[in-house]
Amino acid sequence: MKVTITSIELKGPLKFFALSAEALQILKQLKASHCKAFKKRGIWTMHYTMTLWNDESELKTFAKSGAHLEAMHKSKSIAKEIRTITLDMDSLPDWNTAKQLLKDANVLRF
């Protein structure tokens, strides 16, 4: 199983509205996918997601298509920083563990 953990730091609090619009479409896509589990949380300018997949192929199919792909193309306009990490795990970790794992993750700065 694969777990992907992502954080997005928005450029400012008003970018939350753009993030929310994209997130609604991504959630629709996620519900129609093979995702096994999903968690999200966020406040102000920091937002997090976690997803659980059977394998990397399912994860990549989701990430590189539909609303998610479209949102990735738009992310530069709303995000100051995006961190993501994909790990071999059988379940989603707790939020404290997830945030710690992201501290050492790849950083995409705009």
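Read on for a plain summary of the structure. (Residues numbered from 1 in each chain as written. Predicted model: local features only at pLDDT ≥ 70, side-chain atom pairs only at ≥ 80, totals over all residues. Heavy atoms only, no water.)

The subject of this paragraph is the overall build of the chain. Along the backbone of the chain there are four helices and five strands. When the elements of the chain are put in sequence order from the N terminus, they spell out β-α-β-β-α-α-β-α-β. Relative to the globule expectation of 13 Å for 110 residues, the C-alpha radius of gyration of the chain, 13 Å, shows essentially globular dimensions. For the chain, the C-alpha atoms occupy an extent of roughly 35 × 30 × 20 Å along the three principal directions. Sorting the 110 residues of the chain into buried and exposed places 38% on the buried side. The long-range fraction of contacts in the chain, counting pairs at least 24 apart against all pairs at least 6 apart in sequence, stands at 75%. Carbon and sulfur atoms provide 56% of the accessible area of the chain, an area that totals close to 6,900 Å². Each charge sign in the chain was given a centre, from 18 positive and 11 negative side chains, and these centres are 8 Å apart. (Helix = DSSP H or I, 4+ residues; strand = E, 2+ residues; numbered from the N terminus. Rg over C-alpha atoms; globule rule 2.2 N^0.38 Å. Buried < 20%, exposed > 50% of the residue type's maximum accessible area, 1.4 Å probe, protein only. Contact = heavy atoms within 4.5 Å. Areas by Shrake-Rupley, 256 points an atom, 1.4 Å probe, with all protein chains shown as cover. Lys, Arg positive; Asp, Glu negative; His and termini not counted. Charge placed at Lys NZ, Arg CZ, Asp CG, Glu CD.)

Attention now goes to the nonpolar core. Counting 11 residues, the largest nonpolar core is built from Val3, Ile5, Tyr48, Met50, Leu52, Ile85, Leu92, Trp95, Ala98, Leu102 and Ala105. Within the residue set of this core, elements represented by two or more residues are β1 (2-10), β3 (46-53) and α4 (95-103). The contact partners of isoleucine 5, leaving out residues within four places of it in the chain, are Thr49, Met50, Arg83, Thr84, Ile85, Leu87, Pro93, Ala98, Leu101 and Leu102. The next biggest cluster of nonpolar side chains, apart from the first, holds eight residues, and it includes Ile26, Leu30, Leu59 and Ala67. (Core = buried A, V, L, I, M, F, W, Y, C linked by side-chain atoms within 4.5 Å.)

The next thing to look at is the packing of aromatic side chains. According to the stated counting rule, one finds three aromatic pairs in the structure shown. Note on tryptophan 53 and phenylalanine 62: the rings are 5.3 Å apart at their centroids and 40° apart in plane angle, and the pair reads as tilted. Assessed through its relative accessible area of 1%, tryptophan 53 is described here as buried. (Phe/Tyr/Trp six-rings, centres within 6.5 Å; stacked < 30°, edge-to-face > 60°.)

This part takes up the environment of lysine 80. Summarising the element assignment, lysine 80 is placed in strand β4 (residues 79-88). Given the relative accessible area of 42%, lysine 80 is considered partly exposed. Residues lysine 80 and threonine 45 lie 35 residues apart in sequence; the distance between their C-alpha atoms is 9.5 Å.

Remember that the coordinates give geometry; whether it matters functionally is a separate question.
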